[in-house]
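In case you want the letters, here they are:
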Amino acid sequence: MSTAFFHHPDCEAHDMGDDHPESPKRLRAIEDRLTQTGLMDKLLVTQAEEASRDEIRRAHPDKYIDQLEQMAPTKGRVMADPDTMMTAYSLRAARLAAGSGVQAVNQVLVNQARNAFCAIRPPGHHAERSRTMGFSFFNNVAIAALHALSFHHLERVAILDFDVHQGNGTIDIFHHDPRVLMCSSFQHPFYPYKHYHDMPDHVVNVMLKAGTDSKTYRQAITEGWLDALDRFKPQLILVSAGFDAHRLDPLADIELETEDYRWITDTITDVAKAHCRGRVVSMLEGGYNLQVLADGVEAHVRGLLAAGNASL
Ligand SMILES: [Zn+2]
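Only a predicted model underlies this, so the values are computations on that prediction, with no experimental measurement involved.

*Asks:* Would you mind going over the overall build of the chain with me for this structure?
*Replies:* When its secondary structure is counted, the chain shows nine helices and ten strands. The C-alpha radius of gyration computed for the chain amounts to 17 Å, which stays within 12% of the reference 20 Å derived for 312 residues, consistent with globular compactness. Its C-alpha atoms give the chain principal-axis dimensions of about 50 × 45 × 40 Å. Considering the chain as a whole, with its 312 residues, one finds that 61% of them fall into the buried category. Considering only intrachain contacts with a sequence separation of at least 6, the fraction spanning at least 24 residues in the chain is 76%. The averaged location of the 42 negative side-chain charges in the chain is 4 Å from the averaged location of its 31 positive side-chain charges.

Here it is, written out as structure tokens:
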């Protein structure tokens with residue numbers, strides 16, 4: 001079977017300005033790399049479609065969606081929160097980003113692809129049920145998980161978040177929903193400074209000190225995530241794939257190398273092979289050094305392709 005790749009040119013239309021790290025250039029860097037290396041030709045490439053309101057409201061209340069629609073300017077930029085700006089094109093991009101996860105879940109669950117990567121923005125994992133945060137409007141990975149649970153009637157979905165920042169929005173949405181095992185690894189103490197204490201068993205926080213290197217990181221993931229995943233036996237694995245724990249990323253202080261992204265991908269696809277016939281849907285979150293982002297996504301996609309083509 002194959003690896004699916006979701007994208008849409010309008011995800012690049014959401015532009016928070018030349019000085020903003022969450023820039024349209026991120027997607028260009030990823031697509032250029034996958035094209036130059038010939039990887040794009042090996043992927044089942046699909047253009048994303050917007051998530052419907054019914055799909056989005058599984059994760060966010062109508063009132064929040066209404067507020068965002070009312071806030072959207074017809075020109076210029078408005079601040080949705082101190083880190084997140086909205087333009088006339090932002091909600092279109094956010095709906096496409098969320099929709100790509102819904103489509104990817106559909107493709108993987110009906111066996112059109114074994115796994116998938118969604119090269120989309122804006123990212124989603126900081127978006128709480130009723131609050132934009134950290135460049136996120138809709139929580140893409142949460143909307144994908146809720147689609148798998150509600151529409152496809154799955155009972156157990158794991159979300160693995162290896163962005164350097166905690167997926168506080170995802171925890172906010174699933175804090176009381178044990179159908180979702182949320183495993184996050186993140187620099188601590190660090191933005192977003194949330195959800196560390198008194199977490200239920202289905203929220204696994206792996207906290208990393210500033211300066212954590214590859215060896216310590218791999219050990220922490222192996223000890224923190226793998227037993228929990230084996231006990232949970234996910235029927236589908238979703239990934240919040242952020243590439244900002246690399247040592248050259250400008251926004252954080254974890255010292256990962258590009259090889260670590262291949263390692264974490266292989267680790268995830270091995271768990272998927274053991275529990276859910278290899279089913280993985282990965283969605284882009286952070287990663288702000290364009291060169292490093294392209295390197296990390298290339299390693300990640302190579303891992304997904306290797307797992308997608310392997311026999312189960
Ligand atoms: Zn991040």
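*Asks:* Looking at this structure, how should I read the pairing of strand β1 (residues 3–7)?
*Replies:* Consecutive side chains of a regular strand alternate in pointing toward one face of the sheet and then the other. Within β1, five of the five residues are buried, which leaves it mostly tucked inside the rest of the structure. Covered by surrounding structure in β1 are Thr 3, Phe 5 and His 7 together with Ala 4 and Phe 6, the residues of both alternating faces. With four bridges connecting them, β1 and strand β2 (residues 44–47) associate as parallel partners. Paired with Phe 5 across the strands is Val 45, a residue of β2. The parallel pair β1 and β2, bridged by helix α1 (residues 25–36), forms a crossover whose chirality is right-handed.

*Asks:* Honestly, the environment of Pro 250 in this entry has me stumped. Any pointers?
*Replies:* By secondary structure assignment, the location of Pro 250 is in the loop between β9 (236–241) and α8 (258–275). Residue classification places Pro 250 among the exposed positions, given a relative accessible area of 58%. Setting aside anything within four residues of it in sequence, one finds Pro 250 in contact with Tyr 288 and Asn 289.

*Asks:* It is not clear to me how the nonpolar core should be interpreted in this structure. Could you clarify?
*Replies:* One broad rule of soluble globular proteins: the nonpolar side chains tend to lie buried together. Core analysis: the largest hydrophobic core is formed by 97 residues, its most contacted members being Phe 117, Phe 138, Phe 162, Trp 225, Ile 237, Leu 238 and Ile 264. Here this core gets ten residues from one element, more than from any other, and that element is helix α4 (residues 90–109). Once residues within four sequence positions are removed from consideration, Ile 237 is found in contact with Ala 158, Leu 160, Ile 268, Val 271, Ala 272, Cys 276, Arg 279, Val 280 and Val 281.

*Asks:* How should I be thinking about the coordination of the zinc ion in this particular structure?
*Replies:* Between any two of four tetrahedral donors, the ideal angle at the metal is 109.5 degrees; between two of six octahedral donors, it is 90 or 180 degrees. For the zinc ion, the protein coordination sphere consists of Asp 163 (OD), Asp 163 (OD), His 165 (ND1) and Asp 244 (OD), at 1.9 to 2.8 Å. The site at the zinc ion holds four donor atoms, and with the angles between them running 52 to 152°, its shape is irregular. Along the chain, the residues that donate to the zinc ion are spaced as D-x1-H-x78-D. Neither Asp 163 nor His 165 differs from the other in exposure class; each is buried.

*Asks:* So what exactly am I meant to see when it comes to the packing of helix α7 (residues 214–232) against α8 here?
*Replies:* For any two helices packed against each other, one specifies the crossing angle of their axes together with the interaxial distance. Interaxial distance between α7 and α8 falls to 12 Å at its minimum, and their mutual angle equals 15°. Looking at the two axes, α7 sits roughly parallel to α8. Once α7 is placed against α8, the crossing between them reads as right-handed. Between α7 and α8, the contacting residues are Ser 214, Tyr 217, Arg 218, Ile 221, Thr 222, Trp 225, Leu 226, Leu 229 and Asp 230 on the first element and Glu 259, Asp 260, Trp 263, Ile 264, Thr 267, Val 271 and His 275 on the second. Taken together, the residues of the contact of α7 with α8 sort by class into eight nonpolar, four polar and four charged.

*Asks:* Would you explain the sheet that holds strand β7 (residues 180–187) in this entry?
*Replies:* To summarise the sheet geometry, strands pair through backbone hydrogen bonds and adopt either a parallel or an antiparallel arrangement. A sheet is described by the order of its strands in space; here eight strands give the open sequence β2-β1-β5-β10-β9-β6-β7-β8, paired in parallel fashion. Both edges of this open sheet fall to β2 and β8 (203–208), since each of them pairs with a single strand only. Sheet twist, expressed as the average angle between the axes of neighbouring strands with direction ignored, equals 15°. Where β7 and β8 come together, six bridges link them in parallel fashion.

*Asks:* So what exactly am I meant to see when it comes to the pattern of salt bridges here?
*Replies:* Proximity of charged atoms lets side chains of opposite charge pair with each other. Using the criterion set out here, one finds 21 salt bridges in the structure. A salt bridge links Asp 32 to Arg 28; its shortest N-O distance comes to 3.5 Å. Taken together, the residues Asp 32 and Arg 28, both in helix α1 and four residues apart, mark about one turn of the helix. Residue Asp 32 is classed as partly exposed on the basis of its relative accessible area of 33%. In this structure, Glu 298 engages Arg 302 in a salt bridge whose closest nitrogen and oxygen atoms are separated by 2.9 Å. In this pair, Glu 298 and Arg 302 are both assigned in helix α9 (residues 290–309), four residues apart and thus about one turn of the helix distant. Among the residues examined, Glu 298 registers a relative accessible area of 15% and is labelled buried.

What counts as what
Residues numbered from 1 in each chain as written. Predicted model: local features only at pLDDT ≥ 70, side-chain atom pairs only at ≥ 80, totals over all residues. Heavy atoms only, no water. Helix = DSSP H or I, 4+ residues; strand = E, 2+ residues; numbered from the N terminus. Rg over C-alpha atoms; globule rule 2.2 N^0.38 Å. Buried < 20%, exposed > 50% of the residue type's maximum accessible area, 1.4 Å probe, protein only. Contact = heavy atoms within 4.5 Å. Lys, Arg positive; Asp, Glu negative; His and termini not counted. Charge placed at Lys NZ, Arg CZ, Asp CG, Glu CD. Pairing = 2+ DSSP bridges. Right-handed = clockwise from strand over helix to strand, strands pointing away. Core = buried A, V, L, I, M, F, W, Y, C linked by side-chain atoms within 4.5 Å. Donors = N, O, S within 2.8 Å, 3.2 Å for Na, K, Ca; no water. Tetrahedral: all angles 85-135°; square planar, octahedral: opposite > 155°, others 65-115°. Axes fitted to C-alpha atoms, helices over the stretch in contact; angles between N-to-C directions. Parallel < 35°, antiparallel > 145°, perpendicular 65-115°, else oblique. Left-handed = near helix turned anticlockwise from the far one by under 90°. Nonpolar A, V, L, I, M, F, W, Y, C, P; charged D, E, K, R; others polar. Salt bridge = Lys/Arg side-chain N within 4 Å of Asp/Glu carboxyl O.

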